[in-house]
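# Fold and geometry: a report
One-letter residues, chain by chain:
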Amino acid sequence: MAGPLNRQLSVGEVAKRSGVAVFALHFYEQKGLITSWRNAGNQRRYHRDVLRRIAVIKVAQRLGISLAEIGEALDSLPTERAVTAADWQRLSEQWRAQLDHRINLLMGLRDQLSDCIGCGCLSIEACRLRNPMDELGDAGPGAHLLEGDE
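An account of the accompanying structure is given in this report. Nothing here was measured: the structure is a model prediction, and the numbers come from that model.

Quick notes on the rules
- Residues numbered from 1 in each chain as written.
- Predicted model: local features only at pLDDT ≥ 70, side-chain atom pairs only at ≥ 80, totals over all residues.
- Heavy atoms only, no water.
- Helix = DSSP H or I, 4+ residues; strand = E, 2+ residues; numbered from the N terminus.
- Contact = heavy atoms within 4.5 Å.
- Areas by Shrake-Rupley, 256 points an atom, 1.4 Å probe, with all protein chains shown as cover.
- Pairing = 2+ DSSP bridges.
- Axes fitted to C-alpha atoms, helices over the stretch in contact; angles between N-to-C directions.
- Left-handed = near helix turned anticlockwise from the far one by under 90°.
- Nonpolar A, V, L, I, M, F, W, Y, C, P; charged D, E, K, R; others polar.
- 1 Å grid on protein atoms, 1.4 Å probe; cavity = no way out; pocket = protein on both sides within 12 Å on 5 of 7 lines; lining within 4 Å.
- Points joined across faces, edges and corners; volume = space filled by probe spheres on them.
- Core = buried A, V, L, I, M, F, W, Y, C linked by side-chain atoms within 4.5 Å.
- Buried < 20%, exposed > 50% of the residue type's maximum accessible area, 1.4 Å probe, protein only.
- Phe/Tyr/Trp six-rings, centres within 6.5 Å; stacked < 30°, edge-to-face > 60°.
- Arc of directions from axis to C-beta.
- Lys, Arg positive; Asp, Glu negative; His and termini not counted.
- Salt bridge = Lys/Arg side-chain N within 4 Å of Asp/Glu carboxyl O.
- Polar contact = N/O pair within 3.5 Å; in protein donor to acceptor, adjacent residues only side chain to side chain.

### Re the overall build of the protein
Assigned secondary structure in the protein consists of six helices and three strands. Element order for the protein, N to C, with α for helix and β for strand: β-α-α-β-β-α-α-α-α. Of the contacts made within the protein by residues no fewer than 6 positions apart, 45% connect residues no fewer than 24 positions apart. For the protein, the computed accessible surface area is about 10700 Å², with 55% contributed by carbon and sulfur atoms.

### Examining the sheet that holds strand β2 (residues 37-38)
Ordered in space as β1-β3-β2, the three strands form an open sheet in which the pairing is antiparallel. Two strands lie at the open edges of the sheet, namely β1 (9-10) and β2, each paired on one side alone. For β1 and strand β3 (residues 44-46), the ladder comprises two bridges, and the chain directions are antiparallel. Paired with leucine 9 across the two strands is tyrosine 46, which belongs to β3.

### Details of the packing of helix α3 (residues 50-62) against helix α4 (residues 67-75)
Any two packed helices are characterised by how steeply their axes cross, that is the angle between the axes, and by the distance between the axes. Direction vectors running N to C along α3 and α4 enclose 140°, while the axes themselves pass 10 Å from each other. In this structure, α3 crosses over α4, and the sense of that crossing is right-handed. Between α3, through Arg53, Val56, Ile57, Ala60 and Gln61, and α4, the contact on the second element is made entirely by Leu67, Ile70 and Leu74. When the residues that make up the contact of α3 with α4 are grouped by side-chain class, the tally is six nonpolar, one polar and one charged.

### Things to note about the layout of surface pockets
Taken as a whole, the second largest pocket spans an internal volume of roughly 450 Å³. Surrounding the second largest pocket, 19 residues form its lining, Asp49, Val50, Arg53, Pro78 and Val83 being those nearest its centre. The dominant element in the lining of the second largest pocket, judged by the number of residues it contributes, is α3, at three residues. Residues of the lining of the second largest pocket, tallied by class, amount to nine nonpolar, five polar and five charged.

### What about the nonpolar core?
Grouped together as the largest cluster of nonpolar side chains are 26 residues, with contacts concentrated most on Val14, Leu25, Ile34, Ile70, Leu74, Leu91 and Trp95. Put simply, the parts of the chain that give this core at least two residues each are α1 (11-18), α2 (22-30), α3, α4 and α5 (85-119). When residues in this core are grouped by element, the largest group, six residues, is from α3.

### Details of the packing of aromatic side chains
Counted by the stated rule, this structure contains one aromatic pair. Ring geometry for phenylalanine 27 versus tyrosine 28: centroids 6.5 Å apart, planes at 55°, classification tilted. Residue classification places phenylalanine 27 among the partly exposed residues on the basis of a relative accessible area of 35%. Relative accessible area serves as the criterion here: at 3%, tyrosine 28 is assigned to the buried category.

### Let's talk about α4
Regarding α4, the residues found buried are Ile70, Gly71, Ala73 and Leu74. For α4, the angular spread of the buried residues around the axis is 165°, confining them to a single face. For α4, the exposed residues set more than 90 degrees away from the buried face come down to Ala68, Glu72 and Asp75.

### Brief notes about the side chain of arginine 45
Inspection of the secondary structure puts arginine 45 in strand β3. Buried arginine 45, no salt bridge; nearest opposite-charge side chain is glutamate 13, N-O distance 5.7 Å. At a separation of 3.0 Å, a polar atom in the side chain of arginine 45 contacts the side chain of glutamine 43. Apart from residues lying up to four places away in sequence, arginine 45 is in contact with Gln8, Leu9, Ser10, Ser36, Trp37 and Asn39.

The structure is reproduced here in C-alpha coordinates:
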(Lines give C-alpha, C1' and ligand atoms only; values in the text may rest on other atoms or scores of the structure.)
Protein backbone atom coordinates (compact mmCIF):
# COMPACT_ATOMS: atom_id res chain seq x y z
CA MET A 1 0.00 0.00 0.00
CA ALA A 2 1.38 3.41 -0.99
CA GLY A 3 1.97 5.99 1.71
CA PRO A 4 0.13 9.34 1.57
CA LEU A 5 3.06 11.06 -0.17
CA ASN A 6 3.29 8.38 -2.87
CA ARG A 7 -0.44 8.08 -3.45
CA GLN A 8 -1.58 8.48 -7.03
CA LEU A 9 -4.07 11.25 -7.74
CA SER A 10 -7.03 11.06 -10.08
CA VAL A 11 -7.69 13.84 -12.57
CA GLY A 12 -10.61 15.00 -10.39
CA GLU A 13 -8.38 15.16 -7.30
CA VAL A 14 -5.73 17.12 -9.18
CA ALA A 15 -8.37 19.51 -10.50
CA LYS A 16 -9.82 20.05 -7.02
CA ARG A 17 -6.43 20.46 -5.31
CA SER A 18 -4.96 22.74 -7.99
CA GLY A 19 -8.05 24.80 -8.75
CA VAL A 20 -7.60 24.03 -12.45
CA ALA A 21 -10.44 22.60 -14.53
CA VAL A 22 -10.16 19.04 -15.82
CA PHE A 23 -10.19 20.22 -19.45
CA ALA A 24 -7.23 22.52 -18.66
CA LEU A 25 -5.33 19.59 -17.16
CA HIS A 26 -5.94 17.62 -20.34
CA PHE A 27 -4.75 20.63 -22.36
CA TYR A 28 -1.57 20.94 -20.26
CA GLU A 29 -0.95 17.24 -20.78
CA GLN A 30 -1.50 17.56 -24.53
CA LYS A 31 1.08 20.38 -24.57
CA GLY A 32 3.56 18.23 -22.62
CA LEU A 33 3.54 20.43 -19.52
CA ILE A 34 2.37 17.63 -17.21
CA THR A 35 2.19 13.86 -17.51
CA SER A 36 -0.14 11.12 -16.38
CA TRP A 37 -0.55 7.43 -16.97
CA ARG A 38 -3.50 5.06 -17.13
CA ASN A 39 -4.23 2.56 -14.39
CA ALA A 40 -5.67 -0.92 -14.95
CA GLY A 41 -9.16 0.61 -15.17
CA ASN A 42 -7.93 3.02 -17.90
CA GLN A 43 -8.27 6.04 -15.60
CA ARG A 44 -5.73 8.87 -15.60
CA ARG A 45 -3.41 8.99 -12.63
CA TYR A 46 -0.88 11.64 -11.61
CA HIS A 47 2.04 11.77 -9.21
CA ARG A 48 1.64 14.35 -6.46
CA ASP A 49 4.49 16.47 -7.88
CA VAL A 50 2.13 17.48 -10.69
CA LEU A 51 0.52 19.89 -8.22
CA ARG A 52 3.76 21.88 -7.97
CA ARG A 53 4.15 21.93 -11.75
CA ILE A 54 0.58 23.20 -12.16
CA ALA A 55 1.24 25.93 -9.58
CA VAL A 56 4.30 27.05 -11.56
CA ILE A 57 2.30 26.99 -14.81
CA LYS A 58 -0.46 29.16 -13.34
CA VAL A 59 1.95 31.69 -11.79
CA ALA A 60 3.97 31.92 -15.00
CA GLN A 61 0.80 32.45 -17.05
CA ARG A 62 -0.22 35.29 -14.73
CA LEU A 63 3.19 36.85 -15.38
CA GLY A 64 2.51 36.73 -19.12
CA ILE A 65 4.92 33.92 -19.92
CA SER A 66 3.80 31.86 -22.89
CA LEU A 67 2.98 28.17 -22.61
CA ALA A 68 5.85 27.41 -25.00
CA GLU A 69 8.32 29.18 -22.70
CA ILE A 70 6.79 27.48 -19.67
CA GLY A 71 7.20 24.13 -21.41
CA GLU A 72 10.86 24.82 -22.19
CA ALA A 73 11.51 25.75 -18.57
CA LEU A 74 9.70 22.70 -17.21
CA ASP A 75 11.65 20.50 -19.63
CA SER A 76 14.83 21.66 -17.91
CA LEU A 77 13.69 20.15 -14.61
CA PRO A 78 14.93 16.69 -13.63
CA THR A 79 12.67 13.69 -14.16
CA GLU A 80 14.85 11.07 -12.45
CA ARG A 81 14.54 12.64 -8.98
CA ALA A 82 12.34 14.95 -6.96
CA VAL A 83 12.57 18.62 -7.94
CA THR A 84 14.44 20.61 -5.30
CA ALA A 85 14.17 24.23 -4.19
CA ALA A 86 17.42 24.91 -6.08
CA ASP A 87 15.83 23.53 -9.26
CA TRP A 88 12.86 25.87 -8.86
CA GLN A 89 15.20 28.80 -8.13
CA ARG A 90 17.14 28.13 -11.34
CA LEU A 91 13.89 27.96 -13.28
CA SER A 92 12.68 31.30 -11.89
CA GLU A 93 15.97 32.98 -12.76
CA GLN A 94 15.46 32.02 -16.40
CA TRP A 95 12.45 34.32 -16.47
CA ARG A 96 13.90 37.22 -14.47
CA ALA A 97 15.49 39.14 -17.39
CA GLN A 98 12.40 38.69 -19.53
CA LEU A 99 10.15 39.96 -16.73
CA ASP A 100 12.46 42.90 -15.99
CA HIS A 101 12.35 43.87 -19.69
CA ARG A 102 8.55 43.60 -19.74
CA ILE A 103 8.27 45.68 -16.57
CA ASN A 104 10.43 48.43 -18.10
CA LEU A 105 8.29 48.44 -21.26
CA LEU A 106 5.10 48.66 -19.23
CA MET A 107 6.45 51.49 -17.06
CA GLY A 108 7.43 53.42 -20.19
CA LEU A 109 4.00 52.86 -21.67
CA ARG A 110 2.35 53.97 -18.43
CA ASP A 111 4.44 57.13 -18.29
CA GLN A 112 3.66 58.05 -21.92
CA LEU A 113 0.01 57.06 -21.84
CA SER A 114 -1.19 59.97 -19.72
CA ASP A 115 0.56 62.46 -22.01
CA CYS A 116 -1.02 60.94 -25.13
CA ILE A 117 -4.49 60.77 -23.65
CA GLY A 118 -4.07 64.28 -22.24
CA CYS A 119 -3.31 65.82 -25.66
CA GLY A 120 -6.90 65.47 -26.78
CA CYS A 121 -6.29 64.19 -30.31
CA LEU A 122 -7.50 60.67 -29.40
CA SER A 123 -5.78 59.31 -32.49
CA ILE A 124 -2.78 57.04 -32.26
CA GLU A 125 -2.62 57.03 -36.08
CA ALA A 126 -2.32 60.81 -36.34
CA CYS A 127 -0.51 61.54 -33.08
CA ARG A 128 2.18 64.16 -33.75
CA LEU A 129 4.28 62.87 -30.87
CA ARG A 130 4.00 59.08 -31.19
CA ASN A 131 3.37 58.52 -34.88
CA PRO A 132 3.75 61.65 -37.01
CA MET A 133 2.28 61.32 -40.51
CA ASP A 134 1.35 57.67 -39.68
CA GLU A 135 4.94 56.58 -40.36
CA LEU A 136 4.40 53.37 -38.45
CA GLY A 137 1.47 52.39 -40.68
CA ASP A 138 3.93 51.00 -43.25
CA ALA A 139 5.30 48.59 -40.62
CA GLY A 140 1.96 46.76 -40.44
CA PRO A 141 -0.38 46.20 -37.52
CA GLY A 142 0.80 45.87 -33.94
CA ALA A 143 2.61 47.75 -31.24
CA HIS A 144 5.88 48.43 -33.04
CA LEU A 145 7.07 51.06 -30.60
CA LEU A 146 6.82 48.62 -27.71
CA GLU A 147 9.05 46.10 -29.44
CA GLY A 148 11.32 48.49 -31.32
CA ASP A 149 14.27 50.51 -30.16
CA GLU A 150 12.51 53.81 -29.76
